[in-house]
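Understanding the architecture of this molecule
This is what each chain is made of:
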Amino acid sequence: MLTKKILLKAGLLGGSLLLVPAALADADLAHRDDLSPRDRARVARVLADPDDWSKAEPFEPMQGGAATHTKRVNANAFSFPSANISFEEQQTFALGNGLFRKFWVASPSSTQASDGLGPLYNARSCQGCHLKDGRGHPPAQGEEPVSLFLRLSVPPKTEEERARLAGGHALVLPEPTYGTQFQTFAVTGLAAEGRLEVSYTERPVVLGDGTRVMLREPSYTVSDLAYGPMAGDVMMSPRVAPQMVGLGLLEAIHPGDIEAMADPDDADGDGISGRVSRVLDPETGEMTIGRFGWKASERSVRSQSAGAFAGDIGISTPDVPRDHGDCMPAQTACFEMPSGTQPRLGDTEAPDPVMDLVTFYSQNLALPARRNPGDPQVLAGKKIFHDLGCASCHRPKYVTSRKVEVPAHRFQLIWPYTDMLLHDMGEGLADNRPAGTATGREWRTAPLWGIGLTETVSGQQSYLHDGRARTLEEAVLWHAGEAEAARDGYAALEKRDRDALIRFLESL
């Protein structure tokens, strides 16, 4: 059983961590303006790669630092609060949980505090897409797409439009009739935008030992368009809802750590050229780091949540005060539907403190403790993961900033396995739809923590931005572009070593 003492150590709050020379620490971590020289030495020590791959590293089971929960692993494994928040904060978390699960209804309704759904929407609640706070999946044949949605945009045609995009004043330009997201549901009395259908073509990949793996390549079509044809140059990008755990800890990674890993011109010649996503912060008017979303186009957990309220559910908030969600001017019937704003409650359909509560909840969904990090097969897979170069993008660990707002997230040793950067993943995964500073071939390195519990929490396995991969092996084999060498290295492994790598991923 993991003790409170271990929990505290995992957060770097106690214990005797071996030190490295302060000069070395300063050279490696000069960008960490939140750390003293002594802190830098401690952090440099714990972030170094292990000397001994035959055993788990100190604190490795506690992948979310002191926030990690150690409760029984089952379908609710992603729904527990950070283990190191106070009793009062647990109450805030519970209130946010209620709002995250809340079913919104069409206006007008007798339940006025829940009014405002749509009028066009993809889900009636946050939980509807992030079932049990896990990742979404593409629809089965004949099933409506709920946790997979289709992003829309068109390329710029004027200097003014190009300037808006270049200046960060818009991430994309909406499709003129259907906006930035295809809405497959609508309130009573209004037509949904249409139907989204997914079909697959399977193709074999032959590994070095002759093993055949079938990869399925998706194709997306829209039909029954209720508001006229789409633009001929529309760009479409399918997305499944990502898992929710650990978001606040990712937000707590020091910006200097992210920028220090960027190598946009591949100056070191290793074939990896990660770029920092830049998005406009409307509060300061300055460009800041994008951390969230499949293309790292959201700067914070709060901005991501507000965008989802508006785009997915059609609920306005003080951050995104659009009562009619993603309705476009051409959809006049949509704007004729009643708003759910209740003046006695506030100026939007989800007035304060809804965003505060949902944000806190989303920031404090805890990572479960690692399973079997000291298992010999898991350790062998971990070594292979590093040897193949996977850790070049899926960076294993960080120590979070001392300056972040949430005390429970400060100075924590965490193991998210991401560099938070944009990488060219090759033509096979390209959506050919730029968003913000991300190109149509680039994706943010997805964090791997929690990935081994996908089936346990979500009831099925589906990986990558559109859920096309049905197994972790398929997900690896879809990697290309900057990850091509690592993928080819995996394909050349003996089955024993491939099994070890997958077993390692399943332990996360």
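Residues numbered from 1 in each chain as written. Predicted model: local features only at pLDDT ≥ 70, side-chain atom pairs only at ≥ 80, totals over all residues. Heavy atoms only, no water.

To continue, consider the overall build of the chain. When helices and strands are tallied, the chain shows 16 helices and 13 strands. A globule of 508 residues ought to have a C-alpha radius of gyration of about 23 Å, and the chain, at 23 Å, matches this closely. Buried positions account for 54% of the 508 residues belonging to the chain. Contacts in the chain between residues far apart in sequence, at least 24 positions, make up 69% of those at least 6 positions apart. For the chain, the accessible area works out to roughly 21400 Å², and carbon and sulfur atoms hold 53% of it. Counting 52 positive and 67 negative side-chain charges, the chain places the centres of these two groups 6 Å from one another. (Helix = DSSP H or I, 4+ residues; strand = E, 2+ residues; numbered from the N terminus. Rg over C-alpha atoms; globule rule 2.2 N^0.38 Å. Buried < 20%, exposed > 50% of the residue type's maximum accessible area, 1.4 Å probe, protein only. Contact = heavy atoms within 4.5 Å. Areas by Shrake-Rupley, 256 points an atom, 1.4 Å probe, with all protein chains shown as cover. Lys, Arg positive; Asp, Glu negative; His and termini not counted. Charge placed at Lys NZ, Arg CZ, Asp CG, Glu CD.)

Here we take up helix α16 (residues 495-507). If you check α16, its first and last C-alpha atoms are 18 Å apart, about what 13 residues at 1.5 Å a residue would give, namely 18 Å. Buried within α16 we find Arg498, Ala500, Leu501, Ile502, Phe504, Leu505 and Ser507. Of the surrounding secondary structure, the elements contacted by the buried residues of α16 are α12 (376-387), α14 (472-477) and α15 (484-491). (Expected span 1.5 Å × (residues − 1).)

Bridging between strand β8 (residues 278-281) and strand β9 (residues 286-289) involves four bridges; their strand directions are antiparallel. Across the sheet, Asp281 pairs through a bridge with Glu286, a residue of β9. Adjacent in sequence and paired antiparallel, β8 and β9 are bridged by four residues, among which Gly285 carries a positive phi angle near 75°. (Pairing = 2+ DSSP bridges.)

Below, the discussion takes up the state of the cysteines. Inspection of every chain in the model, using the stated rule, returns one disulfide. Between the sulfur of Cys327 and that of Cys334 lies a disulfide, 1.7 Å long from S to S. For Cys334, a relative accessible area of 0% gives the class buried. Not engaged in a disulfide, the cysteine Cys390 finds its nearest cysteine sulfur in Cys393; these two sulfurs lie 8.9 Å apart. The class for Cys393 is buried, based on a relative accessible area of 13%. (Disulfide = S-S within 2.5 Å.)

This paragraph deals with helix α11 (residues 354-363). In terms of burial, α11 is a largely internal element, nine of the 10 residues being buried. Three or more residues of α11 are buried, namely Val354, Met355, Leu357, Val358, Thr359, Phe360, Tyr361, Ser362 and Gln363. At its buried positions, α11 is contacted by α4 (87-101), α7 (247-251) and α9 (301-313).

Spatially, the three strands line up as an open sheet ordered β3-β2-β7, and their pairing is antiparallel. Only two strands of the sheet have a single partner each, and these edge strands are β3 (181-182) and β7 (235-240). Note: strand β2 (residues 148-153) against β7, six bridges, orientation antiparallel. Bridging from a neighbouring strand, Phe149 pairs with Arg239 of β7.

In terms of nonpolar packing, the biggest core is built from 110 residues, with Leu190, Phe309, Phe385, Tyr490, Phe504 and Leu505 touching the most fellow members. Residue contributions to this core peak at six residues, all from α11. Ignoring anything within four residues of it in the chain, the contact list for Phe385 reads Cys390, Ala391, His394, Tyr417, Leu448, Leu501, Phe504 and Leu505. (Core = buried A, V, L, I, M, F, W, Y, C linked by side-chain atoms within 4.5 Å.)

Here we take up the environment of Ala260. One can find Ala260 in helix α8 (residues 255-261). Ala260 sits in the exposed class, given a relative accessible area of 51%. With 56 residues separating them in the primary sequence, Ala260 and Pro204 have C-alpha atoms 39 Å apart.

Turning our eyes to something else, we now look at the pattern of salt bridges. For side chains bearing opposite charge, pairing can occur when the charged atoms are close. Under the counting rule described, the total for this entry stands at 34 salt bridges. Of the charged contacts, one joins Asp257 and Arg32 as a salt bridge, the two residues approaching to 2.9 Å between their closest N and O atoms. Of this pair, Asp257 sits in helix α8 while Arg32 sits in the loop between α2 (22-28) and α3 (37-47), placing them 225 residues apart in sequence. With relative accessibility at 0%, the residue Arg32 sits in the buried group. Where Glu474 meets Arg470, a salt bridge forms, and the shortest distance between an N and an O atom there is 3.2 Å. Through salt bridges with shared partners, a single ionic network connects Glu57, Glu60, Arg370, Lys382 and Lys397. (Salt bridge = Lys/Arg side-chain N within 4 Å of Asp/Glu carboxyl O.)

Right, let's get into the layout of surface pockets. Roughly 800 Å³ of volume is contained in the second largest pocket. Taken together, 27 residues line the second largest pocket, and the ones lying closest to its centre are Glu251, Arg299, Ser300, Gln363 and Glu405. Contributions of two or more residues to the lining of the second largest pocket are made by α7, β9 and α11. Per-class residue counts for the lining of the second largest pocket are eight nonpolar, eight polar and 11 charged. (1 Å grid on protein atoms, 1.4 Å probe; cavity = no way out; pocket = protein on both sides within 12 Å on 5 of 7 lines; lining within 4 Å. Points joined across faces, edges and corners; volume = space filled by probe spheres on them. Nonpolar A, V, L, I, M, F, W, Y, C, P; charged D, E, K, R; others polar.)

So, about the packing of aromatic side chains. Enumeration according to the criterion identifies nine aromatic pairs in this entry. Taking the centre distance of 6.3 Å and the plane angle of 90° together, the rings of Trp104 and Phe309 count as edge-to-face. With a gap of 205 residues between them, Trp104 in the loop between α4 and β1 (120-121) and Phe309 in helix α9 connect regions that are remote in the sequence. Owing to a relative accessible area of 2%, Trp104 belongs among the buried residues under this scheme. A relative accessible area of 1% means that Phe309 is categorised as buried. Between Phe385 and Tyr417, the aromatic rings sit 5.7 Å apart at their centres with planes inclined by 80°, giving edge-to-face as the arrangement. Pair noted here: Phe385 is in helix α12 and Tyr417 is in the loop between β11 (413-414) and β12 (422-424), with a separation of 32 residues, a long-range link. Comparing Phe385 with Tyr417, the two get one shared label, buried. (Phe/Tyr/Trp six-rings, centres within 6.5 Å; stacked < 30°, edge-to-face > 60°.)

It is worth stressing that arrangement in space is one thing and function is another; only the former is reported here.
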